[in-house]
Amino acid sequence: MMNKKELPLRTLLQFRHAWVAWLLLAGCIAVTLLLWQVSIRLVDDRTEARFRTQSLQLKTAIEERLLNYEQVLAGSAGLFAVAGSVSREQWREYVDKVDIDRYYPGIQGIGYVERIGVRRMADHISSVRTEGVPNYLVTPLGSGPDYYPMVYLEPGTERNRRALGYDAFSDPVHRRAMEEARDNATPTVTGKVILVQEEVAEDQASFLMYYPVYQGGDVPDIRAERRMMLAGYVFSAFRMNNLIDGIVGLISPFLDVRIYDGERVYRDGLMYGSNLGSLDNDFSFEMSQTIRHGGRNWLLQTRSTPAFDFLASDPRPPIVLGSGIVISLLMFLFVLTLIRSRIMAQVSAGRYRAITEGAANVTLVLSRKGKPLYASPSSLDILGFDPNKLQSLDFKTMVHGDDWPLLMAGFDDAVDAPGKQMPVIRARIRDAEGHWRDMEGTYTAMLSVPGVNGVVLSLRDLTQLKAAQSELHRLAFYDPLTGLANRQLFRDRLSHVVRRSRRSGEPAALMFLDLDGFKRINDTLGHDAGDELLQQVAQWLSGCVREEDSVARLGGDEFVVLLSRINGPDAAGKVAESILRRLCQRIRLNDHEVGITVSIGITMVPHDSEDSGTLMKYADLAMYRAKELGRNTYQFFTPAMNIQAARRLLQQEELATALDGDRFVLHYQPKVDLKTERVIGVEAFLRWHHPEKGLVSAQQFIGLAEETGLIIRLGELALRQACIQVQALERAGFESLKMAVNLSVCQLTDSGFLDMIRQVITETGVAPERLELEMPAELLNEDPRMLRELLVSLHDLGVCLILDDFGTGSCSLVSLQQLPLDVIKIDHRFIRDIPYNVSATDVASAVIALARKLHLTVVAEGVETPQQLSFLKTAGCAQCQGNLFSYPLDEDALIGFLIRQYERPLIS
């Protein structure tokens with residue numbers, strides 16, 4: 001028969017023994033699940049209400065802003081009604097007083113469109129030019145009896161001046177709005193347009209608001225009279241991103257906002273998109289509203305984003321679920337304990353001895369007077385004392401004098417409370433070798449327990465445990481390479497500072513630092529050199545901050561600095577400047593001297609956010625903005641960076657899609673030999689066939705390609721197309737023409753560049769001597785040994801090496817002499833001022849003379865005037881290219897150009 005004192009847990013858990021406990025557990029779990037579902041529903045309802053509130057507030061804010069801007073136009077029209085006629089200077093003074101940059105963000109300008117009859121056109125143009133607009137011209141010229149050119153447009157920026165003279169009435173979108181404003185005598189908004197003063201790289205959806213101005217200042221009652229008495233329009237031009245970004249960032253920064261022209265969703269009608277939504281088009285809530293203003297309807301569509309869902313998340317449902325499960329289990333265990341409480345286990349003296357002999361702790365049994373009666377065999381392994389010679393030991397001499405009173409007080413307490421385990425006591429115990437060992441133990445009085453008959457003291461050795469804990473703590477919270485705090489420890493410190501700042505209102509600052517060009521150092525000098533640099537940077541950073549501040553390494557070349565108490569942004573900026581000065585220096589690594597700089601992003605606590613993860617993200621965004629501005633600088637976080645980062649991601653995806661869709665082509669600009677006056681080669685320029693912007697030049701996307709790493713694939717595509725074109729020119733009879741291809745520093749320093757060059761030459765079958773590689777001048781700032789090895793390898797292939805943009809930046813004459821270069825190109829910025837700028841003329845002459853001394857061929861780019869060409873011939877320049885000879889041509893136009901130039905001289 002089974003002894004109840006030895007009842008196993010498996011048997012105890014059987015339903016016949018614990019059916020009450022199991023029923024209680026099932027009931028508690030059911031109630032917990034019900035409460036959990038209710039809490040989830042309440043949180044969802046609250047989140048949806050917050051989403052709808054933000055969406056409605058956003059619509060109201062947009063409508064109010066448009067109404068304010070309409071009032072500005074009404075005031076402008078009133079100026080004409082009062083004064084009759086308004087001069088250009090009066091208009092400029094009025095718009096300056098309005099101060100649109102400060103009070104009306106989003107307005108590109110406020111202008112006046114004047115109704116001009118065809119017979120008055122010549123006088124009108126002459127009058128405007130007399131007023132200080134020398135190049136003024138009404139375009140486009142139509143056949144109608146009246147024209148509506150933009151006469152005034154302020155502020156008078158270079159961008160706005162390009163719009164002067166534009167006849168908006170010639171465009172159907174503008175014309176519909178202008179006719180409606182004229183006939184109804186109300187301000188009217190146009191459909192989606194692209195402003196004529198927009199740059200190609202930064203065009204965005206825009207619209208204009210027109211307000212009619214009638215002769216005499218009064219509004220005629222009859223529509224026919226309105227058409228006859230119309231004098232012109234005052235108007236405002238708006239860029240949607242500038243108009244809406246500030247409203248969205250203030251009211252709904254975490255909603256995906258889109259505005260469409262009209263009352264339906266279609267791609268061409270997209271006026272504004274914050275692009276904050278999920279890439280998988282996944283959202284929790286969506287709301288569509290119609291904004292009606294100026295006779296135009298806009299569809300405002302708002303959707304929740306993962307960031308909105310995260311910020312709106314509530315911990316209460318998991319707390320309810322977790323708490324309910326824990327309480328259910330505790331009640332289940334409590335009932336089991338009541339069931340098992342009927343079976344009390346008493347340990348016999350033999351079992352007690354067997355347990356103590358196999359224990360890893362030291363177990364002592366003391367008499368009522370504190371005299372040792374028994375010691376477990378483990379005392380020999382741990383303390384070095386033979387338990388059989390216990391009687392000869394003086395227990396008091398083994399305990400540190402400072403700890404003896406505490407140990408005796410615990411003994412007295414245990415005697416007064418028999419059977420109760422006393423609190424843990426720590427003491428230093430001397431071992432047989434005389435070393436102090438940190439130990440902790442507990443007393444349990446078992447004076448009446450058979451086989452024990454004493455007070456049991458169980459001691460555990462903490463010496464090795466403390467050492468192990470210390471090492472584990474170091475490995476868990478500190479970076480093994482630099483000794484700085486790691487990501488986990490830094491997050492704890494950041495959370496602490498955020499909580500303190502939230503309570504006290506005292507600001508703190510978080511800095512995100514990234515070394516500029518660290519990957520290049522790692523790739524060229526090896527990881528050992530990179531590790532040495534990271535260790536040195538860690539020391540420099542630690543020396544730039546106070547002891548109460550924190551410096552951590554997140555991984556790679558990313559560091560963070562937490563200024564726990566600071567007066568404000570100015571003080572944070574001073575610390576950033578101190579770090580930039582300290583780190584901007586040269587260091588010797590593996591017998592190479594390299595220069596380093598750092599880019600810093602700063603976010604303020606708690607001003608920017610009170611969430612640690614969000615602060616890290618904001619600092620990271622600000623750091624990337626610092627890199628975009630040229631590196632070796634710092635930037636504070638602004639809300640606009642969130643939207644800019646989303647747009648940047650969209651542009652990156654668009655560029656990658658274009659690369660996959662083979663939407664890039666090459667155009668070619670001829671290069672002329674000044675001695676023979678013949679085309680001897682061409683330079684390839686990359687162009688992007690954009691589905692909306694048309695043909696886009698490389699200057700507008702090469703920077704993004706370099707940042708995202710797409711430049712490697714893009715460069716190989718351009719080189720391969722250029723080599724194929726060389727073969728096509730040979731088949732057309734132009735066997736001697738050379739092809740120049742531009743390369744970036746990112747391509748040239750890539751580890752697979754040489755293999756790629758060899759592979760393209762082999763696969764296309766092009767002769768290497770027909771290929772010219774143009775390298776930017778900043779390449780000379782790279783490691784000299786690495787650079788020489790690269791250029792020697794390229795030279796051995798037989799290709800021609802050209803140093804582009806010569807004269808810009810720093811350029812070592814020793815490098816020009818030692819590197820296997822064939823040609824240098826004078827930067828176009830020195831050519832464009834010839835012969836009117838004496839400095840530019842002197843620099844160009846000096847560069848040509850220097851190159852000839854070094855036996856290098858000189859090419860001048862950007863030649864556009866006969867005077868420039870004449871000077872370059874006189875100075876001894878060998879080759880030229882520029883718009884004076886030909887603009888960049890596509891494949892077909894290039895063949896036609898070459899045929900014509902061989903039939904007659906190119907230069908007269």
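Computed from a predicted model, the values in this text were never measured in an experiment. (Residues numbered from 1 in each chain as written. Predicted model: local features only at pLDDT ≥ 70, side-chain atom pairs only at ≥ 80, totals over all residues. Heavy atoms only, no water.)

A. Local environment of the nonpolar core. Counting 80 residues, the largest nonpolar core has Phe 664 and Leu 794 as its most contacted members. Here this core takes 9 residues from helix α24 (residues 711-731), the largest share from any one element. In contact with Leu 794, not counting residues within four places along its chain, are Phe 753, Leu 754, Ile 757, Leu 773, Val 799 and Leu 801. Counting 73 residues, the second-largest nonpolar core is a separate cluster that includes Ala 77, Met 150, Met 178 and Ala 205. (Core = buried A, V, L, I, M, F, W, Y, C linked by side-chain atoms within 4.5 Å. Buried < 20%, exposed > 50% of the residue type's maximum accessible area, 1.4 Å probe, protein only. Helix = DSSP H or I, 4+ residues; strand = E, 2+ residues; numbered from the N terminus. Contact = heavy atoms within 4.5 Å.)

B. Local environment of the packing of aromatic side chains. Here the structure, examined in full by the defined rule, presents 20 aromatic pairs. A ring pair is formed by Trp 91 and Tyr 152, whose centres lie 6.1 Å apart and whose planes are at 35 degrees; its orientation type is tilted. Within this pair, whereas Trp 91 is found in helix α3 (residues 88-98), its partner Tyr 152 is found in strand β4 (residues 150-154), the two being separated by 61 residues in sequence. With a centroid separation of 3.8 Å and an interplanar angle of 5 degrees, the aromatic rings of Tyr 618 and Phe 637 are classed as stacked. In this pair, Tyr 618 sits in helix α21 (residues 612-628) while Phe 637 sits in the loop between β22 (634-636) and α22 (640-660), placing the two residues 19 residues apart along the sequence. Note on Phe 637: relative accessible area 9%, which makes it buried. An aromatic cluster is built from Tyr 69, Tyr 104, Phe 207, Phe 238 and Trp 298, whose rings are joined through pairwise contacts. The side chain of Arg 264 reaches across the aromatic face of Tyr 266, ending 4.1 Å from its centre. (Phe/Tyr/Trp six-rings, centres within 6.5 Å; stacked < 30°, edge-to-face > 60°. Lys NZ or Arg CZ within 6 Å of the ring centre and 35° of its normal.)

C. Quick look at the packing of helix α30 (residues 838-853) against helix α31 (residues 866-875). Interaxial distance between α30 and α31 falls to 10 Å at its minimum, and their mutual angle equals 35 degrees. The interaxial crossing formed by α30 with α31 has right-handed handedness. Only Phe 871, Leu 872 and Ala 875 of α31 make contact with α30, whose side of the interface consists of Thr 841, Ala 844, Ser 845, Ile 848 and Arg 852. Tallied by class, the residues present in the contact of α30 with α31 amount to 5 nonpolar, 2 polar and 1 charged. (Axes fitted to C-alpha atoms, helices over the stretch in contact; angles between N-to-C directions. Left-handed = near helix turned anticlockwise from the far one by under 90°. Nonpolar A, V, L, I, M, F, W, Y, C, P; charged D, E, K, R; others polar.)

D. Examining a nonpolar patch on the surface more closely. Taken together, Phe 15, Trp 19, Val 20, Trp 22 and Leu 23 make up a surface patch of nonpolar side chains, about 520 Å² in accessible area. On the basis of relative accessibility, which here comes to 44%, the residue Trp 19 falls in the partly exposed class. (Patch = residues over 30% accessible without salt bridge, like charges linked within 9 Å, V, L, I, M, F, W, Y side chains within 5 Å. Areas by Shrake-Rupley, 256 points an atom, 1.4 Å probe, with all protein chains shown as cover. Salt bridge = Lys/Arg side-chain N within 4 Å of Asp/Glu carboxyl O.)

E. Summary view of the sheet that holds strand β5 (residues 188-189). What the 5 strands build is an open sheet, ordered β4-β1-β7-β6-β5; its pairing is antiparallel. Across the chains shown, the open sheet's two edge strands, defined by having one partner strand only, are β4 and β5. The strands touched by α3 within the sheet are β1 (107-114), β4 and β7 (230-239), with β4 carrying the most contacts at an inclination of about 35 degrees. Lying over the sheet, helix α9 (residues 240-251) contacts β6 (206-214) and β7, oriented at roughly 55 degrees with respect to β7. (Pairing = 2+ DSSP bridges.)

F. Expanded view of the sheet that holds strand β16 (residues 454-461). In space, the 5 strands of this open sheet follow the order β13-β12-β16-β15-β14, with antiparallel pairing throughout. At either margin of the open sheet sits one strand with a lone partner, and together these are β13 (372-375) and β14 (425-430). Across this sheet, the average inter-strand angle for adjacent strands is 35 degrees, counted without regard to direction. Where strand β15 (residues 436-446) meets β16, 8 bridges bridge the pair, whose relative direction is antiparallel. Counterpart to Glu 440 in the pairing with β16 is Arg 460. Against the sheet, helix α15 (residues 404-416) contacts β12 (362-366), β14, β15 and β16, and its axis sits at roughly 15 degrees relative to β15.

G. Quick look at helix α7 (residues 172-184). A rise of 1.5 Å per residue sets the reference length of α7, with its 13 residues, at 18 Å; its end C-alpha atoms lie 18 Å apart and thus fit the reference within 8%. Taken together, the buried positions of α7 are occupied by His 174, Ala 177, Met 178, Ala 181, Arg 182 and Asp 183. Measuring from the backbone nitrogen of Val 173 back to the side-chain oxygen at the start of α7 gives 2.8 Å, which picks out Asp 171 as the cap. (Expected span 1.5 Å × (residues − 1). Polar contact = N/O pair within 3.5 Å; in protein donor to acceptor, adjacent residues only side chain to side chain.)

H. Looking closely at unusual backbone geometry. Cis peptide bonds are those with omega within 30 degrees of zero, and the linkage from Glu 154 to Pro 155 qualifies with 5 degrees. Looking at where Pro 155 falls in the secondary structure, it is placed in the loop between β4 and α6 (158-161). Following Val 605, the chain continues into Pro 606 via a peptide bond in cis, with omega recorded as 0 degrees. Looking at where Pro 606 falls in the secondary structure, it is placed in the loop between β21 (592-605) and α21. Phi at Asp 99 takes a positive value of approximately 55 degrees, unusual for a residue other than glycine. Its place among the elements puts Asp 99 in the loop between α3 and α4 (100-103). According to the relative accessible area criterion, Asp 99 is partly exposed, its value standing at 27%.

I. Fine view of the pairing of β15. Burial runs high along β15: 8 of the 11 residues are buried. One ladder, built from 6 bridges, connects β14 with β15; its direction is antiparallel. What sits directly across from Arg 430, in β15, is Trp 436. A loop of 5 residues connects β14 with β15, the two strands running antiparallel in sequence, and Gly 434 in this loop sits at a positive phi of about 90 degrees.

J. Spatial organisation of the state of the cysteines. Scanning all chains against the criterion turns up 0 disulfides. Not part of a disulfide, Cys 584 finds its nearest cysteine sulfur in Cys 544, a span of 12 Å. A relative accessible area of 40% places Cys 584 in the partly exposed class. (Disulfide = S-S within 2.5 Å.)

K. Examining the environment of Pro 606 more closely. By relative accessible area, which is 23% here, Pro 606 ends up partly exposed. Taking the C-alpha atoms as reference points, Pro 606 and Phe 518, separated by 88 residues in sequence, lie 32 Å from one another.

L. How the structure looks around the pattern of salt bridges. Enumeration according to the criterion identifies 32 salt bridges in this entry. For the salt bridge of Glu 716 with Arg 720, the shortest nitrogen-to-oxygen distance reads 3.1 Å. Placement of both Glu 716 and Arg 720 in helix α24 is noted, with a separation of 4 residues, approximately one turn of the helix. Of the residues examined, Glu 716 reaches a relative accessible area of 26% and is grouped as partly exposed. Classification of Arg 720 by relative accessible area gives partly exposed; the value is 22%. Residue Arg 720 is joined to Glu 763 by a salt bridge in which the shortest nitrogen-to-oxygen separation is 2.6 Å. Placement of the pair is Arg 720 in helix α24 and Glu 763 in helix α26 (residues 753-764), with a sequence separation of 43 residues. Linked by salt bridges that have partners in common, Asp 514, Asp 516, Lys 627 and Arg 631 make up one network.

M. Examining α31 more closely. Taken as a whole, α31 has its buried residues at Gln 868, Leu 869, Phe 871 and Leu 872. Buried residues in α31, looked at end-on, bunch into an arc of 165 degrees, giving them a common side. Those residues of α31 that are exposed and angled more than 90 degrees off the buried face are Pro 866 and Thr 874. Buried positions along α31 lie against α29 (828-831), α30, β30 (857-861) and β31 (879-881). Immediately beyond the C-terminal end of α31, within one or two residues, lies Gly 876, with a positive phi of roughly 95 degrees. (Arc of directions from axis to C-beta.)

N. Molecular detail of the confidence of the model for the chain. In this model, the chain carries an average pLDDT of 83, and 91% of its residues clear a pLDDT of 70 or more. Highest mean pLDDT in the chain belongs to β5 (94); lowest belongs to helix α12 (residues 349-357) (47). Scored below 50 in pLDDT, residues 1-5 shows 7 contacts in the model against residues more than four places distant or in partner chains. Within the model, the stretch residues 343-352 combines pLDDT values under 50 with 17 contacts to residues more than four positions away or in other chains. (pLDDT = per-residue confidence, 0-100.)

O. Seen up close, the side chain of Ser 744. Turning to its location among the elements, Ser 744 is positioned in the loop between β26 (738-742) and α25 (745-748). If near-sequence neighbours (up to four positions away) are discounted, Ser 744 is found in contact with Glu 706, Ile 711 and Pro 776.

P. Main features of the environment of Met 229. Relative to the assigned elements, Met 229 resides in helix α8 (residues 223-229). When near neighbours in sequence (up to four residues on either side) are disregarded, Met 229 contacts Tyr 214, Gln 215 and Pro 220.

Q. Highlighting the pairing of β13. In terms of strand pairing, β12 meets β13 through 3 bridges, oriented antiparallel. From the neighbouring strand, Leu 366 faces β13, where its bridge partner is Pro 372. Connecting β12 to the antiparallel partner β13 that follows it, the hairpin turn spans 5 residues, and Gly 370 within it adopts a positive phi of roughly 90 degrees.

R. Region of interest: the packing of helix α17 (residues 487-504) against α21. Where α17 contacts α21, the two axes come as close as 10 Å, and the packing angle between them is 105 degrees. By the angle between their axes, α17 is roughly perpendicular relative to α21. Between α17, through Phe 490, Arg 491, Leu 494, Ser 495 and Val 498, and α21, the contact on the second element is made entirely by Ser 612, Gly 613, Leu 615 and Met 616. For the contact of α17 with α21, the class distribution of residues is 5 nonpolar, 3 polar and 1 charged. (Parallel < 35°, antiparallel > 145°, perpendicular 65-115°, else oblique.)

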